[in-house]
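As a plain string of letters, each chain reads:
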Amino acid sequence: MENHTAKQSLPTLTGSHTQRVLVATTAMLAFISFWRAAAIVLNDMGSSAFYAGAIAEHFVGKAAPWFILAIMLLSYAVRSVYIESCSMFVRGGVYRVVKEAMGGTLAKFSVSALMFDYILTGPISGVSAGLYLVGLLNELLHYAHINVDLPVNFTAAVFAALVTIYFWWENIKGIPESSEKALRIMYVTTVMVALMLVWCGYTLWARGAHLPPLPRLSNLVYSDDALGWLRHSSLPYTVGLIGVLVGLGHSVLAMSGEETMAQVYREIEHPKLRNLEKAGFVIFVYSLIFTAGVAFFAVMIVPDAVRKNFFDNPIGGLAMYLVGPLSLRLAFRAFVVVVGVLMLAGAVNTAIVGSNGVLNRVSEDGILPYWFRRPQRRFGTSYRILNLVVGLQLLTILLSRGNIFLLGEAYAFGVMWSFAMKGLAVLVLRYKQPGKREFRVPLNLKVGDVEIPVGLGLITVTLVALCVINLFTKQVATLSGVAFTVIFFVVFEVSEKMTKRSAAAHTQLDQFNLEPGDDLTPKGLGVRPENILVMVRNYNTLYNLGAVLDRVDPHKQDVVVLHMRFLGRAESGEGELAPEQLFSVEEQDLFTRALALAEKKGKTIHLAVAAATEKWDAILRAAQSLQSSAVVLGPSPNRPVIEEARIAGLAWERLPDPKPRLTLEIYFPGGQEHVFYVGPHVPRLTPKEIDLLHGLWLELSSDVAPEEIHHHDVVHFALQELQQNLSNAERESVLRRLRLHLEEIKDRRASL
């Protein structure tokens, strides 16, 4: 639809008058339950269960499951930091929180580290999915006695690259994120986890088992690449705290994805904070059972002699060493691969979406120039940012050559520093903004009038300590992470100065008088009921607005020009939206062009902007709130017109009563117009249908004489007969004949 169309270069704006714009920040947003919010986060965070335990064991030996367990417990504490951040209504995730607390310089540093996290998330998830897939294929080839072995790392890297390119194109097209899809993936994953728990429990009962060795210094077996610059030091072997920190540092991958919880906060239904806490608890329990469970079961069930062979796909290896017939174990392993590919591929998409959202936020804040956000010509997405992010991810896959341990080592850098900066920022805000909060990280002591945030302080110190130990033990992560962060930081610094110098090239936003509103109403916007709602997105394709202005009489009917600012999950962050967040240079230019078109035609228009998450739900709710009689828009680049009308009809059914009767008009650049009626309406009958009805009436009127019969009686009777046939044994026959009829008239309908 029109909300996916593109914008082109941004010229200098002109005009001296001030036009009123109503900005609805929350009215058109769709909200989700805490279950769906938990599913979204678990799709990202739960993916680490497929590789975190094995990576940790590679670095520190069989005691690794205890470190994974400790990290999962720490993740619950870190989650409380994010919940407190959300309760302060500081919008925008890590970047905004750090900027509010410690200034722009550290904010740019933190977002640079976060970008490193996102850039690594995609490759490590994609490569892990590829490793599970190639592991299964090689296993099947072996049992089929086919003497072919696919190169493991190379094949996984190719698969990861293909998945990344696929999701790059999906994001270029602007395919929206779906909480329903995340929930379905979690349904399937839960079935797999339940089967794994029962089967592993039975295996341990049948064979007997021992817990992994406790995380003592004597039980830590460091790999050659586990200690980095500390490999020549005796500290990891003699100081217990150092050994514990090293083990935890190699296990932090298990809690990646925390930032996603802050991103879904705005989508959660009322009461928001309480539901966020519920979602956080669900995430904690699920990830604890899944991620820590996989790590423990792998060590307890898979023999030591072969477990290293499955470090690249530990759950696949676990499946092969359960008790039971080989066919069932292979089937379960195939199921694991399907679930793993679904979750890990979803994490690839989340990384792209998250990177795009973060860079869009810093661009809106004036750090990156508008050039980065300039929309793609056809789909209207920020394709240059997507190209940059995906290009860096593909380069990472190429450089890593599918080595999951190399990716895991580097990945920990961005994860830990973004967490540490978040914790430090929230700690600083305790003193800079000491007011009441709906939620506070527990363990707060009061000494007189001074509050000592013991819990928050301990969490922050722990995160910083893990960051420091990682600097010394992860050479690849430190060198690559520091280089990446410094480069991004320098780019941010330079581009911010350039952006400020070029800011004078655009007219200031006071050209428009922004008026925030809780809802879109005729009174709030100053229009009459039965108005025409024109949806605009692309200032180069205002032909739908032009067509409406050509035919409308402004003395009889008002024209509302509405721009929906669709918020991607990663673009929204925590807290409340400000009007300025929804009205940037893009909206300013769009409305300037719309006003110029209206002035040229001598007509008046009324302007509004609204935040939205679901396209058709938002459009139809806006029409319902404004009491519009018609919705006018352009075609979608992703769906045929008939499909758009069908989805609009489904969205209309979800509206609360009383549902409005609406005309949906879709205009094409060439002047073609498609008109649909949404909701109950009198159908438009063609001459052929009128002749058919009249012929039936003539025949029936003579057969039932002297009873009086009208044309509407024929229609009523025919509809009742159809309804009855659809509820009995004739249903399939009726549907078959209907499909045949629709096929016969398809060509005639397309030519209309």
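Residues numbered from 1 in each chain as written. Predicted model: local features only at pLDDT ≥ 70, side-chain atom pairs only at ≥ 80, totals over all residues. Heavy atoms only, no water.

Colleague: What's the story with the packing of aromatic side chains in this structure? I'm lost.
Modeller: The relative placement of two aromatic rings is captured by the distance of their centres and the angle of their planes. Inspection of the entire model under this criterion finds 19 aromatic pairs. A ring pair is formed by Phe 488 and Phe 492, whose centres lie 5.6 Å apart and whose planes are at 85 degrees; its orientation type is edge-to-face. Residue Phe 488 and its partner Phe 492 are both found in helix α18 (residues 475-502); the two are separated by four residues, about one turn of the helix. Ring pairing ties together the aromatic residues Phe 50, Tyr 132, Tyr 286 and Phe 290, which thus form one cluster. Across from the ring centre of Phe 59, 5.4 Å away, lies the NZ or CZ of Lys 474, which sits over that ring. One Lys or Arg, Lys 659, reaches over the ring of Trp 652 and ends 5.8 Å from the middle of that ring. (Phe/Tyr/Trp six-rings, centres within 6.5 Å; stacked < 30°, edge-to-face > 60°. Helix = DSSP H or I, 4+ residues; strand = E, 2+ residues; numbered from the N terminus. Lys NZ or Arg CZ within 6 Å of the ring centre and 35° of its normal.)

Colleague: What's the story with the side chain of Glu 409 in this structure? I'm lost.
Modeller: Within the secondary structure, Glu 409 sits in helix α16 (residues 404-432). Buried and without a salt bridge, Glu 409 has Lys 474 as its closest oppositely charged side chain, separated by 5.8 Å. From its side chain, Glu 409 meets the backbone nitrogen of Gln 475 in a polar contact 3.4 Å long. Beyond its immediate sequence surroundings of up to four residues, Glu 409 is in contact with Phe 59, Asp 225, Thr 473, Lys 474, Gln 475, Val 476 and Ala 477. (Buried < 20%, exposed > 50% of the residue type's maximum accessible area, 1.4 Å probe, protein only. Lys, Arg positive; Asp, Glu negative; His and termini not counted. Salt bridge = Lys/Arg side-chain N within 4 Å of Asp/Glu carboxyl O. Polar contact = N/O pair within 3.5 Å; in protein donor to acceptor, adjacent residues only side chain to side chain. Contact = heavy atoms within 4.5 Å.)

Colleague: Quick question: what am I supposed to make of the pairing of strand β10 (residues 673-678) here?
Modeller: The pairing of strand β9 (residues 662-667) with β10 spans six bridges and is antiparallel. Across the sheet, the residue bridging to Ile 666 is His 674, located in β10. Hairpin connection, β9 to β10: the antiparallel pair is bridged by five residues, and Gly 671 has positive phi, about 105 degrees. (Pairing = 2+ DSSP bridges.)

Colleague: For this particular structure, what's the right way to read the pattern of salt bridges?
Modeller: Pairing between side chains of opposite charge can happen when the charged atoms of each approach one another. Taken as a whole, this structure holds 20 salt bridges when the rule is applied. With a closest N to O distance of 2.8 Å, Arg 307 and Asp 304 form a salt bridge. On the criterion of helical spacing, the pair formed by Arg 307 and Asp 304 is a turn pair, its members being three residues apart in helix α12 (residues 304-307). Looking at Arg 307, the relative accessible area reads 6%, which means it is buried. Each of the salt bridges in this network shares a partner with another, and the network as a whole consists of Glu 57, Lys 62, Asp 304 and Arg 307.

Colleague: Looking at this structure, how should I read the nonpolar core?
Modeller: Note on soluble globular proteins: their nonpolar side chains tend to be buried together. Phe 50, Met 255, Phe 290, Leu 359 and Leu 463 are the most contacted members of the largest nonpolar core, which has 153 residues in total. For this core, the element with the highest residue contribution is α16, accounting for 17 residues. With residues up to four places along the chain from it excluded, the contact list for Phe 290 reads Gly 46, Ala 49, Phe 50, Thr 189, Met 192, Val 193, Met 196, Ile 315 and Met 343. Met 535, Ala 610, Ala 612 and Leu 655 belong to the second largest nonpolar core, which has 34 residues in total. (Core = buried A, V, L, I, M, F, W, Y, C linked by side-chain atoms within 4.5 Å.)

Colleague: Sorry if this is basic, but what is going on with the environment of Phe 311 here?
Modeller: Considering the arrangement of structural elements, one finds Phe 311 in the loop between α12 and α13 (314-320). Of the residues examined, Phe 311 reaches a relative accessible area of 9% and is grouped as buried. Between the C-alpha atoms of Phe 311 and Ala 298, which are 13 residues apart in sequence, the distance is 9.7 Å. Here Phe 311 is in contact with Ala 54, Glu 57, His 58 and Phe 405, once residues within four sequence places are set aside.

Colleague: Just to check I follow, could you spell out the environment of Val 715 for this structure?
Modeller: Structurally, Val 715 can be placed in helix α27 (residues 711-726). Along the backbone, Val 715 and Leu 696 are 19 residues apart, and their C-alpha atoms lie at a distance of 9.8 Å.

Colleague: I tried to follow the packing of helix α7 (residues 179-207) against helix α14 (residues 326-364) on my own but got confused; where do I start?
Modeller: Two numbers describe a pair of packed helices, the interaxial angle and the distance between the axes. In the contact formed by α7 and α14, the axes pass within 10 Å of each other and the chain directions differ by 145 degrees. Between α7 and α14 the crossing geometry is left-handed. Facing Ile 185, Met 186, Val 188, Thr 189, Val 191, Met 192, Leu 195, Met 196 and Trp 199 of α7, the residues of α14 in contact are Leu 328, Arg 329, Phe 332, Phe 335, Val 336, Val 339, Leu 342 and Met 343. Classifying every residue of the contact of α7 with α14 gives 15 nonpolar, one polar and one charged. (Axes fitted to C-alpha atoms, helices over the stretch in contact; angles between N-to-C directions. Left-handed = near helix turned anticlockwise from the far one by under 90°. Nonpolar A, V, L, I, M, F, W, Y, C, P; charged D, E, K, R; others polar.)

Colleague: What am I meant to see in the environment of Leu 463 here?
Modeller: One can find Leu 463 in helix α17 (residues 454-473). Between the C-alpha atom of Leu 463 and that of Ser 629, which follows or precedes it by 166 residues, the distance is 56 Å. Leaving out residues up to four positions away in the same chain, Leu 463 has contacts with Leu 74, Val 78, Met 255, Met 416, Phe 419 and Ala 420.

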